Amino acid sequence: MNMTRLLIPTRKEAPSEIESLSHSLLVRGGYITQLISGVYTYLLLGLRIKNKIINIVREEMDYTHANEILMPALQPLEYWEQSDRRRAFGEILFSLQDRKNRELILGPTHEEVVSKLFAENVDTYKQLPLTLYQIQTKFRDEARPRGGLIRVREFTMKDAYSFDLTDKSLEDSYQKMVQAYENIFYRCGLPVVKIDADSGAIGGKGSQEFIYLHSTGEDTVIMCECGYAANEEKAQIKIETNKKEKTIDYTKIETKNITTINKLSDFFDLPKSKFLKAVLYIAKNEAMEDIPIIALIRGDLEINEVKLTNIIKLSGIRNMNDDEIKSYGMVPGFTGPIGIDKNIQVVADASVVPSYNLISGSNEINYHYLNTNYDKDWKADIIGDIHLAVDGALCQLCGKQLSSKKGIEIGHVFKLGQLYSEKFNIKVSGSNQDTITPTMGCYGIGIDRILASAAENTLKKDSLNWPITIAPFHVHIIFLGDEELSNSAIKLTIDTIEDSGLEILIDDRNETPGKKFADADLLGIPIRILISKRNTANGEVEIINRTTQKTTFAPIESFNDDVLDIYSELLNTYTV
RNA sequence: CGGGGCUUAGCUCAGCUUGGUAGAGUGCUCGGUUUGGGACCGAGAGGCCACAGGUUCGAAUCCUGUAGCCCCGACCA
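Keep in mind the model is a prediction, meaning the values are calculated, not measured.

A.B. asks: Describe the side chain of arginine 449, and please don't skip the residues or the numbers.
C.D. replies: As for its position among the elements, arginine 449 is in helix α11 (residues 447-458). At a separation of 2.8 Å, a polar atom in the side chain of arginine 449 contacts the main-chain carbonyl oxygen of isoleucine 150. Setting aside residues up to four positions removed in sequence, arginine 449 forms contacts with Leu149, Ile150, Arg151, Glu218, Ile408, Glu409 and Ile410.

Laid out in structure tokens, this is it:
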């Protein structure tokens, strides 16, 4: 294709509000352009990349015998009431009414629709296992879109749903998807780590995320040399228990204006692990009533609010403000579990149960208690793991120090179990005249996030460098003078390359070399050919493999051979 | 949803403090000279100064409100 016929609006400068380098280069290269917050137009280059990613995803999905379908973006709100997810998604749901005032939503995901679809069309065990997938536009009214294509409100997702008769069979379906995902990311040239994840609002009983590690990511991953990796919400750590001591009766001690664990630790000259930290929250029950919560944890640890939310089985958790704390008869800075209002639900981290003679707040201003002990002095309604895994914590598996890294979630796989099967009354006939409720899995890939991550992964200052498998074109031919444009021997060779199936972008514009080079760097096409007097005078053209940075010269009549060699060499790198 | 910032030419920005004819660079058009890393000379087109209201003889500029966009946090299948 000739650049004079294409809309590729490259720019010297990106809009000032853009922060991330990859986003800036995607805008400057004329790949995408923003319409409104979190909603982007894909121009020719961006769309070509996106379509290539989609093709790779489709090939790998089809290889697992998943069925491609296409469900509508418009969905009836009733389905979401039936699954009880209307509340869980809340304002994320884009909603609208049709002319008959029927409530509709723009689908943020498709568990409901696919469950109905399955319930109405599959009747017998003989049709299982079955996996359905689609590549489709999702809508989520995010509170805060950010980072270019990383968090957007309208995006393309590959979502797959598996239906199996048994847990063992689900495990097979799940592993097939995991393998397909690894193939997809490999072919897209994107290094990912697979981590244990919290299953969040989708629900279910097991899930993993595929993360592209990068500092601009929104997710925090906890990793160990031994291979253990999980997201921050899910990560389990090994906690050294305090040394066993003889328990002593607690006594009050004055601690004037000493309100934080750090100050207490200095004041008493004791490690933070000798204190009991109390954090107060308000959560909502199903009737949307406020439930007060006190969470207790050892002073050296932090509370993981996701784990806390899961364990108390309530939603909408938030910190109590000072007035609320006072209304429950407590004092900010001096809170503790002893003698508190009976309506407060007490949740204790496992770390405080075998800890001895901890110093805790007394719920009286300027006083703490020395030597408080679990069971003897106070009890919890719920005990469990509610601590946060932080950088430097110890790995539960091997005991080495964990490190924390930021990353972008580009794929997520879940074992849903029978959650939706039950809600949508999905049943199939079994082989023994019985009825079986299938077990489900769901699997998502963010297509746009692959594109953004691939850009991030290969960018250099003012240039992108696409892997050959997803590059918008394979070959970029740059004419530096217009005399060569009409050279028939060159034309013939270019035609030969095109006939071999390679996609060629020809810069036939009347621009200065500097501008052409700068644009070419932004376009990041893997094989670049320069044609100018300087080379054609020797009967040659110049070929640059942008991955290896190697430059070669080849005859005008036969440079197609060299180009094809580089192409196959590059392609090999991304073949599974 | 809390906190902060921004909004003037297609793009990047100045002008606002101290009210008085709308500016630069870049991009675009035309002519010429150039042509291996965002060239040069000349001529042009291009504006509801986000929107609404107010103060004033007069508002891009001062005041009020609204909206849009970005960032931090909360939230995030």
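A.B. asks: Which residues make up the domain arrangement of chain A, and what are the values?
C.D. replies: Reports often express the size of an interface as the amount of accessible area lost when the parts come together. Per the domain assignment, the segments of chain A are domain 1 (16-235 + 404-456), domain 2 (251-384) and domain 3 (475-573). One C-alpha centre belongs to domain 1, the other to domain 3, and the line joining them spans 39 Å. Each partner contributes to the interface: domain 1 provides eight residues, whereas domain 3 provides five residues. Taking both sides of the interface into account, the surface hidden between domain 1 and domain 3 amounts to around 530 Å²; carbon and sulfur atoms contribute 51%. On inspection of domain 1 and its partner domain 3, the count reaches two salt bridges. Counting across the interface, domain 1 meets domain 3 through five residue pairs in polar contact (both at pLDDT 80 or more). If you list the elements that add at least two residues to the side of domain 1 that touches domain 3, you get α1 (21-28) and α2 (44-63). Among the elements that take part in the side of domain 1 that touches domain 3, α2 stands out by supplying three residues, more than any other. In terms of residue class, the side of domain 1 that touches domain 3 is made up of four nonpolar, one polar and three charged.

A.B. asks: Lay out the pattern of salt bridges in plain terms, naming residues and giving numbers.
C.D. replies: The tally for this structure, following the rule as stated, stands at 34 salt bridges. A salt bridge links lysine 252 to glutamate 364, with the shortest nitrogen-to-oxygen separation between them at 2.7 Å. Taken together, the residues lysine 252 in strand β14 (residues 251-254) and glutamate 364 in the loop between β19 (358-361) and β20 (367-372) connect sequence positions 112 residues apart. For lysine 252, a relative accessible area of 45% puts it in the partly exposed group. For lysine 533, the salt bridge is made with glutamate 483, and the minimal N-O distance between the two is 3.7 Å. Taken together, the positions of lysine 533 in helix α14 (residues 533-536) and glutamate 483 in the loop between β27 (475-479) and α12 (488-499) put the pair 50 residues apart, joining distant regions of the chain. Judged by its relative accessible area of 53%, glutamate 483 is exposed. Where salt bridges share partners, they join Glu142, Arg146, Arg151 and Glu218 into one cluster.

A.B. asks: Provide a residue-level description of the pairing of strand β1 (residues 32-36), including the pertinent values.
C.D. replies: The pairing of β1 with strand β2 (residues 39-42) spans four bridges and is classified as antiparallel. From the neighbouring strand, isoleucine 32 faces β2, where its bridge partner is tyrosine 42.

A.B. asks: Just give me the short version of the sheet that holds β14, but keep the residues and values in it.
C.D. replies: Taken together, the three strands give an open sheet; going across it, the order is β14-β20-β19, and neighbouring strands pair in antiparallel fashion. The outermost strands of the open sheet, each flanked by one partner alone, are β14 and β19. Adjacent strand axes in the sheet meet at a mean angle of 35°, parallel and antiparallel pairs treated alike. Note: β14 against β20, four bridges, orientation antiparallel. Within the sheet, the bridge partner assigned to threonine 251 lies in β20 and is leucine 370.

Parameters and conventions
- Residues numbered from 1 in each chain as written.
- Chains lettered and ligands numbered in written order.
- Predicted model: local features only at pLDDT ≥ 70, side-chain atom pairs only at ≥ 80, totals over all residues.
- Heavy atoms only, no water.
- Helix = DSSP H or I, 4+ residues; strand = E, 2+ residues; numbered from the N terminus.
- Polar contact = N/O pair within 3.5 Å; in protein donor to acceptor, adjacent residues only side chain to side chain.
- Contact = heavy atoms within 4.5 Å.
- Domains from an automatic or database assignment.
- Buried area = accessible area lost by both parts, 1.4 Å probe.
- Salt bridge = Lys/Arg side-chain N within 4 Å of Asp/Glu carboxyl O.
- Nonpolar A, V, L, I, M, F, W, Y, C, P; charged D, E, K, R; others polar.
- Buried < 20%, exposed > 50% of the residue type's maximum accessible area, 1.4 Å probe, protein only.
- Pairing = 2+ DSSP bridges.
- Axes fitted to C-alpha atoms, helices over the stretch in contact; angles between N-to-C directions.

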